[in-house]
Amino acid sequence: MWETARDRLRSRLADGLAQSGLTLPWWVPMGTTAFTVIGLVVAVGQRIGPALPVAIAGFLLVTASTLLWVCTGRLAPSWVKALGMLAGIGLLLTYPVVPDFAPMPLIVLAGELGSIASARVAFAATGGAIAVLGAAALTVGLVGFPVYMLAVVVGMAAGFMLRWYVRALDAERGKQAAVREQAMLGERQRIAREVHDVVAHSLSITLLHVTGARHGLRTDRDIDEAVAALTEAERIGRAAMADIRRTVGLLAQESAGTRPLPGAGDIADLVAETCAAGLVADWELEGDVSAVDSTVGLGLYRIVQESLANVVKHAPGEKALVRLEIDAADARLTVRNGHSGAARNEGGSGLAGMTARADQLGARLTAGPEGGEWVVDVTVPLAREAAS
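Residues numbered from 1 in each chain as written. Predicted model: local features only at pLDDT ≥ 70, side-chain atom pairs only at ≥ 80, totals over all residues. Heavy atoms only, no water.

Attention now goes to a nonpolar patch on the surface. Judged by side-chain polarity, I38, V42 and F101 come together as a nonpolar surface patch covering roughly 230 Å² of accessible area. Counting through the fold element by element, I38 comes out in helix α2 (residues 27–45). (Patch = residues over 30% accessible without salt bridge, like charges linked within 9 Å, V, L, I, M, F, W, Y side chains within 5 Å. Areas by Shrake-Rupley, 256 points an atom, 1.4 Å probe, with all protein chains shown as cover. Salt bridge = Lys/Arg side-chain N within 4 Å of Asp/Glu carboxyl O. Helix = DSSP H or I, 4+ residues; strand = E, 2+ residues; numbered from the N terminus.)

What follows is the structure, given as C-alpha cells:
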C-alpha cells in the first residue's frame, strides 16, 4: 500500500511539473515542500499563545500553493507562490522568537525560484524576502537578521546552480540521443549498402545465367548447357541469401551486444538448458561440428529450439532425442519424442517457421508422426553452402 501511494504521488507530481513546463525531477518539489512545512510547523509551535491565530493565518498563506496542488493537481505560478509566502512569513514575524524558524521557508523559496523561475522573479522574490526580514528586524526586533539574509542569498545561489545542472543534464541527454540516432542511421545505411551490393551483383549474374539457359534451349536445344546455367544461377542465389542473412545477423548481433549468435556447437547447451527446465532429452552428435558454418548452424539451432519448445508444449512428459549427424556432404538433424502429436499445428506457426528457415538454407525438412513418435528431420547440404 505504501509503494502504491508513493507511486501515485510521484506520478501526480510529475504530471504537475509537466503541465507547468518544468524539467525538474519529482523529488525537488517534494523536498522543498517538506522543508517548508517542517519549518512552518516549528514556527507555529513557537507561537502558541496569543499569537497563535496570526501564526495559523500565516501558515495558511504560506501553504496556499501546496493546498491548491492537493485540491486540483496544478502547481501555482511562481510569483503567486512567492507573494503568498512573503505575506505569510510577514505575519509570523510580527511575533518574533529566539531562535526563530519562521524565516526558514524564505530560504527554501529563494532556492526553489532560483531553480525554476525566471531570473527576474527569483531576484524579486529574494529581494522581497530580505525586505520582510529587514522590516521585522527594524520594527519588532527580529534577532539574527544578517544570518537570515545570508541564508536567503545562499539559497538563491543554490537554486541557480541546480538550474544550471538540470540544463546541462538535459543538453547532455539530447546530445546522447542525437548520437544514438546518428549511429542507428549510419548502421541502417551500411546494412542497406551491403544488401544492395549483394542483391545487385547476384541478380545480375543470375539473370545472365538464366538468359544463357533460355538461349541454349531456344537455339540448339542444349539441355545440359541449360541445366548447368540454371544450377549456377541457383548456387549464386543461395550464396546471395547466405550473404544477406549474415549481414542482417550481424546487425542483430551488434544490437544485442558482444554475445555471438548461436550455432551448431551451442545445440548441446540448448538441450542441457531444456533438460534443466524439466524436459527429459538426450543429445547425440556424430561428426565434426566445426564443419557446419555459422549460417547453417544458426538455422539448425533455431529448428532445435522450436522443436523442443513444441515438445514442452504438447508432450511435456515424453522423452525427446536430438541427434545431429555431420559428414562431408550433409548435416542431418533429427528431433523425435514419444508422442504422435495428432494435432500439432492448431493455430501455431512453429512448423511454418521451421519450414521457411529450412527453405532459406536449401534444406529438406519433414515433420510429422512416424512409428508412434513425432519426428522432425532436416538435412542441410553442406557442400552447396561451402561452395557459396
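Picking up after the structure, the text goes on.
Before going further, it helps to spend a moment on the environment of W283. Structurally, W283 is set in strand β1 (residues 281–286). Through-space distance from the C-alpha of W283 to that of V322 is 5.0 Å; in sequence the pair is 39 residues apart.

Considering all chains together, one arrives at eight salt bridges under this definition. Of the charged contacts, one joins R323 and E286 as a salt bridge, the two residues approaching to 2.5 Å between their closest N and O atoms. Pair noted here: R323 is in strand β2 (residues 320–326) and E286 is in strand β1, with a separation of 37 residues, a long-range link. Judged by its relative accessible area of 23%, R323 is partly exposed. Accessibility expressed as a relative area gives 41% for E286, which makes it partly exposed. The salt bridge involving R332 is made with D377; its shortest N-O contact spans 2.5 Å. Remark: D377 occurs in strand β5 (residues 373–381) and R332 occurs in strand β3 (residues 330–337); sequence separation between them is 45 residues. Relative accessible area serves as the criterion here: at 38%, R332 is assigned to the partly exposed category. Given a relative accessible area of 13%, D377 falls into the buried group. Linked by salt bridges that have partners in common, E284, E286, R323 and E325 make up one network. (Buried < 20%, exposed > 50% of the residue type's maximum accessible area, 1.4 Å probe, protein only.)

This part covers the UniProt feature "transmembrane region" (unreviewed entry) in the protein. UniProt's entry tags residues 26–44, 51–70, 82–109 and 121–141 with the feature "transmembrane region" (unreviewed entry), counted in the numbering of this structure. Counted over residues 121–141, helix gives 90% and strand 0%. Its end C-alpha atoms are 28 Å apart. (UniProt positions renumbered as here; feature names shortened; annotations may be inferred.)

Taken as a whole and judged by the stated rule, the model has one aromatic pair. Relative to F160, the ring of F123 lies with its centre 5.6 Å away and its plane at 35°, an arrangement referred to as tilted. Of this pair, F123 sits in helix α7 (residues 119–139) while F160 is found in helix α8 (residues 145–219), placing the two residues 37 residues apart along the sequence. Residue class for F123 comes out partly exposed when judged on its relative accessible area of 49%. (Phe/Tyr/Trp six-rings, centres within 6.5 Å; stacked < 30°, edge-to-face > 60°.)

We now examine the side chain of T126. Counting through the fold element by element, T126 comes out in helix α7. Its relative accessible area of 4% is what places T126 among the buried residues. If we skip the residues at most four places from it in the chain, T126 touches A110, V152 and M156. (Contact = heavy atoms within 4.5 Å.)

Once that is clear, we can look at the sheet that holds strand β4 (residues 364–370). Within a sheet, each strand pairs with its neighbour through backbone hydrogen bonds, oriented either parallel or antiparallel. Spatial ordering of the open sheet is given by β1-β2-β3-β5-β4, a layout of five strands whose pairing is mixed. Of all the strands in the sheet, just β1 and β4 have a single pairing partner and so form its edges. Recorded for the sheet is a direction-independent mean angle of 10° between the axes of neighbouring strands. Alignment of β3 against β5, held across eight bridges, turns out to be antiparallel. The residue of β5 that forms the bridge with R336 is V375. (Pairing = 2+ DSSP bridges. Axes fitted to C-alpha atoms, helices over the stretch in contact; angles between N-to-C directions.)

β5 sits mainly inside the fold: eight of its nine residues count as buried. Note that β4 and β5 share seven bridges and pair antiparallel. Bridge assignment links L365 to a residue of β5, and that residue is V378. Connecting β4 to the next strand, β5, in antiparallel fashion are two residues, including G371 with a positive phi near 60°.

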